[in-house]
Each structure stands twice: as C-alpha cells, then as structure tokens.
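Structural description and commentary
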Amino acid sequence: MGGTVLNLDELFGQQQPLVVELNGKEFNLRRQDTFSPEEYYHMQKMRTKLSKDTATGADTEEGAHAIEVAMDEIVKMLCPELAAEKLTFIKKVKILDWYAAQMEPAEDSTEDSKNSTGA
C-alpha cells in the first residue's frame, strides 16, 4: 500500500488498560478516546494551563498553587478514585508524566510505520 497510514492502534495503544498501583490498590485511568468532546477540550485547556503556569509561575506561592490545582483537576478527570487518595505533588507529577508518555506513540513504532508504508 502506498502513501501514509494513520495507525490508530499506535495512537491509542490498542485499548490496553492504564493502571496505577498505589498502596496495594489498582486504579484504572481513562483513555483520551473515552472522553466526550467537552471533556477532551477541558483536558486540553487544563494541560495548556498547566504548561503555562509551570513555565511562568512555579517560583511563587500563587503559581505553585495554580499548578497543583490544575494537576488535581487532570488526575480527577483520569480517575476520580485515584484523585481521592492523598497524593503528594511528586506522585501527581509522575502519574501525569507517565500518562502523557502512554498516550504518545513510541518513536520506534512510528519509524517502523513510516518504513512499512514507504513514507
């Protein structure tokens, strides 16, 4: 087949569960493809806000609070039960970093796709 291919299995991880283990419990995170349009755009808005606040205001008490509020809201969207746990700031950072990495196709598999499609 010539041309390029949009491989949704790569983009969405073939629906494999995203599980966070904490204190002996497992928490399933929602995948982006399960969000309604409103939830998706709210998530994008919160991610943009988080990026902006991290870049401009992390060194002030107000800025740090805004960052944590945005992180709390994102975690709550991904898994309300996990958000209800007492999560430290660094645990939230790790969860969100891991989640973002899971939502992006691996560079190797993207290169493989390009090679197999001739792109």
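A brief look at the structure comes next. Quick caveat, the model's predicted, so the values are computed rather than measured.

With 18 residues, helix α3 (residues 61-78) extends 26 Å from end C-alpha to end C-alpha; this agrees with the ideal 26 Å at 1.5 Å per step. All of the buried residues in α3 are G63, A66, I67, A70, M71, I74, V75, M77 and L78. Looking down the long axis of α3, one finds its buried residues gathered within 170° of arc, a one-sided arrangement. Turned more than 90 degrees off the buried face of α3, the exposed positions are E61, E62, H65 and K76.

A complete count under the given rule lists five salt bridges for this structure. One salt bridge connects R30 with E39, and the closest N-O pair in it is separated by 2.9 Å. One salt bridge in this structure joins K92 and D72, with 2.6 Å as the shortest N-O distance. Within this pair, whereas K92 is found in helix α5 (residues 89-103), its partner D72 is found in helix α3, the two being separated by 20 residues in sequence. We classify D72 as partly exposed; its relative accessible area is 34%. Connected through shared salt-bridge partners, E68, D72 and K92 make up one network.

Here is what the cut-offs are and how they apply
- Every residue gets a number counted from 1 within its own chain, in the order that chain's sequence is written.
- pLDDT decides what is reported in this predicted model: residues at 70 or higher carry local features, side-chain atom pairs at 80 or more are listed and counted, and totals for whole chains, interfaces and linings draw on all residues regardless.
- Each side-chain value is derived from all of the structure's non-hydrogen atoms; neither hydrogens nor water enter the calculation.
- Here a strand is any run of E in DSSP of at least two residues, a helix any run of H or I of at least four, and the numbering for each starts at the N terminus.
- What a helix is expected to span follows from its residue count: subtract one and scale by 1.5 Å.
- Only protein chains enter the area calculation, which uses a 1.4 Å probe; residues under 20% of their type maximum are buried, those over 50% are exposed, and those in between are partly exposed.
- Each direction from the helix axis to a C-beta atom contributes to the arc, which is the arc of those directions.
- Take a side-chain nitrogen of Lys or Arg and a carboxyl oxygen of Asp or Glu: if they are within 4 Å of each other, that pair is a salt bridge.

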